[in-house]
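What follows is each chain in one-letter form.
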Amino acid sequence: MSTTKPQRSPSEIEDIILRKILHVTLTESASDPRVVYLEMTAAEILSEGKPLLLSRDLMERVLIDRLSGNNNNFPSSSSAAEPPFPYLIGCYRRAYDESKKIQSMKDKNLRSEMEIVTRDARRLAVSYCRIHLANPELFGGSDDARKAKKRRNASPLLPLIFSEVGSGSLDMFGGGGGSSSGGVQCPPGFLDEFFKDSDFDNLDLILKELYEDLRSSVINVSVLGDFQPPLRALKYLVSLPVGAKSLVSHEWWVPRGAYMNGRAMELTSILGPFFHISALPDNTLFKSQPDVGQQCFSGASERRPADLLSSFSTIKNFMNILYSGLHDVLMILLKSTDTRECVLQFLSEVINANASRAHIQVDPVSCASSGMFCNLSAVMLRLCEPFLDPHFTKRDKIDPKYAFYGNRLKLSDLTALHASSEEVSEWIDKDNTAKGNDAGNENESRLLQSKEATSSSGNASRQNSKSTTKYTFICECFFMTARVLNLGLLKALSDFKHLSQDISRGEDNLATLKAMRDQAPSPQLELDITRMEKELELYSQDKLCHEAQILRDGDFIQRAISFYRLVIVWLVGLVGGFKMPLPSTCPMEFSCMPEHFVEDAMELLIFASRIPKALDGVLLDDFMNFIIMFMASPEYVRNPYLRAKMVEVLNCWMPRSSGSSATSTLFEGHQLSLEYLVRNLLKLYVDIEFTGSHTQFYDKFNIRHNIAELLEYLWQVPSHRNAWRRIAKEEEKGVYLNFLNFLVNDSIFLLDESLNKILEIKQIEAEMSNTAEWEQRPAQERQDRTRLFHSQENIVRIDMKLANEDVTMLAFTSEEITAPFLLPEMVERVANMLNYFLLQLVGPQRKSLSLKDPEKYEFRPRQLLKQIVRIYVNLARGDSENIFPSAISSDGRSYNEQLFDAGADVLRRIGEDGRIIQEFMELGTKAKAAASEAMDAEAALGEIPDEFLDPIQCTLMRDPVILPSSKTTVDRAIIQRHLLSDNHDPFNRAHLTSDMLIPDIDLKARIDEFVRTHQSKKRSSGEDSSNKERIQTTSSDMLID
């Protein structure tokens, strides 16, 4: 006969379930060592006449006693002495497990009752978790309380959050990124219950401690560290409404203090350490670990390219994980109207505190790291994406007045595109006054009976105009992003450029040191070489870190280019759109905009142009239009170096430079380009002569080098060549004549400098080749001479390259445009230059310029001579009035009739075209005849009165003019030649232009009469022409055959 299992009552089942959940018992029959016998609690229950069964009504009472440890019957096993928080988490997990088991109960009523029990148990566990975390000293005894006060460990809630959000991060080698959750698994649903349906004040302290723990977990962590779990946890917490509110109300959200600066804000704010995570190098005081340079790029020169590419790719991927996570955090906060203002406040405080990052030298102690601002740049660009559509349909929401009246960023103190700081302040004050008057008039119309109220309202409007206007988020985001990019991405690109220059200089110095060691070895030299090699290794690591995080991230660069395209389009909108010519008056909104808006755009384009495929798919037409419009407009962009930077961009886009035919349409099929590009390049070539800088004399050569390369390319494009010819005709005595004058000036200076330096190089070479004498010299002297030798080599190489460019331009332009060369104020200058070059190349100095390796110095004498001769011939062909031969022969410094014969001999040996040689010889014959005629004319005039002589060159004036300021009389051609290079009166430095010259009609008449009288006397005297004095020439043995 079978026995039936006794049926348990609902209260017994409830007792069993709660004992399993709470791990407590009211009887001594517990076999599980983890279960705690609550003896005192059981006694109290018995005294109340209740059964010793756990129930919902007793649940909280029992739980408190278990947590308080008020019973003396805890088992000795360590598992039973579980700390409060793990115990409560265990209760929640067991309640969850029991809720799953009771689903198999057939009795629906019983199942429903038990579901309520397990639900209440979970709720109670969550509630006491909150209580414990907010008051850790409440449970656990006085010793624990004292420890908690002395030192707060990380919140035990943190591993549960890590577990919930996942810790599947990988380090750069593919392994686990760390065990941030410590192996703890969060019970399903626990965090949802923990953070919902609770009073903010109860959770605020817990959340603030969590944020502090997350911040601490990523301090000084590089991109190779385990930053992903904390980042995901941060994102999870701010996604909770209570979490977002708690974060922005934390005292470390925007740290305050008398000594608060950019670096302190990076270190102490909640988000600062997250933004510090980077691959970029930082000051040794704040260096992150693991060291990216050491781990990824040590000994890079000996590494396989595939290894470096792998490191680049890994770093880029990890950085984009960081960018996306930080963007999501800010985006969550920005979407809520309750927290948006706090985010904008945080961003503006960070920007303002780090304004000095724009300086050339950045103090690492007072400024945040480059890593933080590059990360902030990437995140801000992601925030801008919604209004970076191809047509920029939302750009009308960007209010230019934000730059002057916005109360967050300090933009009005920055260098403006054109306006001076005084003009900016004056315009703002004037605009404020107008606003105040408008407000006063409006109030007066409403309150005619209250004049005082009207006045006070007007004053209030003027005082508060900076803070009362509300700007759209798009507007604020636009200006903040522009400022962050200036302090972040563009500063990092500048650092990269300086690193590259430091490496180049270091390699040159290392080569020099090794050459010196070969000449005179010493222990000090060995130490210097070792030190330089270590420095170059560190420089190389830093450079590769920049390349990995920035230059190798094509999406980052293209987002930045897209943003700056918006900047350019928006700025052009302030002056009326893409059309030429520009308005005669520059609008103040444009004039007062920060200069770095444009400078940063140009710098980024230059860098991007040098990165393969960085410009693929990028719309460049708007940039091209902007450059053409403003590069020759000092009335809009005052800084000549900024306008020169625009030319550098175009130089990078030349099809020959960019290596891409895609950019050719910008030059050859672009309407503004075809109409204005050549004209504006010529104008800038002239304008750059005077930059206002103390280095302007040397700066202009580098700038004109870029312009010359562009002009040479454009000359090959038929449409641009036609435009060039048209400009030369229209501006024959204007900008084109100035351009030609500076081109000649530069050619003379550069070639003269180069040839003189070649002589110095040859002298040092001769010294070093005499080994016996060289070894006897002191070591320091040999080192100094070796350094000078290498320095002179670099100077010659650069100057000769620039001189070749200038002579080449003179050669190809004179082939089709000759009239400006033959103007009275220009023809003698050109002839003197050509004569000087010819004398250097075929005259007595020729042998002294021979070099072992002339190509090393860009010195190509054969090519140079051919170009000089072609310029002679080109101008002779266009000389319909036969004035060029006279200009050649009047050069008293370099002209010699035998130079043409010597030049022709050299040309025949180097294979020049016979027709060119013949025309060159014919020009020499004409010059010889002109010299003879000039001697006759000079002899006929005899003694010339001083009043007829030009005071500058002491030659007979042909067209005397009076200078309005100094009242000095000079020859028109001579003073006009002077004005081409200097628009000042040479006698008192007063401003002077050609149209200010006053013809001296009376003096001209007397000069003409003097010449006429003496010429007639000469003719009537019948002197034999065979007895006239001949020009003094150099004997043929002085010339090099």
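In the annotation of an unreviewed UniProt entry, the chain is listed under the name RING-type E3 ubiquitin transferase and assigned to Brassica campestris. Per UniProt, the comment on the chain under Sequence similarities (unreviewed entry) is "Belongs to the ubiquitin conjugation factor E4 family."

(A) Looking closely at the environment of Pro273. Within the secondary structure, Pro273 is located in helix 13 (residues 272–276). Looking at Pro273, the relative accessible area reads 3%, which means it is buried. Remark: the alpha-carbon pair of Pro273 and Asn220, spanning 53 residues in sequence, is separated by 7.3 Å. Setting aside residues up to four positions removed in sequence, Pro273 forms contacts with Arg215, Val218, Ile219, Glu266 and Leu267.

(B) Inspection of unusual backbone geometry at higher detail. In this model, Gln289 is joined to Pro290 through a cis peptide bond whose omega is -5°. Tracing the backbone through its elements, the reader meets Pro290 in the loop between helix 13 and helix 14 (292–297). The step from Met580 to Pro581 runs through a cis peptide bond, and the omega angle for that step is -5°. Relative to the elements of secondary structure, Pro581 occurs in the loop between helix 24 (554–573) and helix 25 (588–591). Within the chain, Lys613 stands out as a residue other than glycine whose phi angle is a positive 70°. Along the chain, Lys613 falls in the loop between helix 26 (596–609) and helix 27 (621–630). Using a relative accessible area of 67% as the deciding quantity, one classes Lys613 as exposed. In this structure, Asn882 is a non-glycine residue whose phi angle is positive, near 55°. Take Asn882: it is sitting in the loop between helix 38 (861–877) and helix 39 (884–889). Residue class for Asn882 comes out partly exposed when judged on its relative accessible area of 42%.

(C) Structural context of the confidence of the model for the chain. When pLDDT is averaged along the chain, the result is 85, and 88% of the positions lie at 70 or above. This stretch, residues 76–80, has a pLDDT under 50; its non-local contacts, to residues over four places away or in other chains, come to 8 contacts.

Thresholds applied
Residues numbered from 1 in each chain as written. Predicted model: local features only at pLDDT ≥ 70, side-chain atom pairs only at ≥ 80, totals over all residues. Heavy atoms only, no water. UniProt positions renumbered as here; feature names shortened; annotations may be inferred. Helix = DSSP H or I, 4+ residues; strand = E, 2+ residues; numbered from the N terminus. Buried < 20%, exposed > 50% of the residue type's maximum accessible area, 1.4 Å probe, protein only. Contact = heavy atoms within 4.5 Å. pLDDT = per-residue confidence, 0-100.

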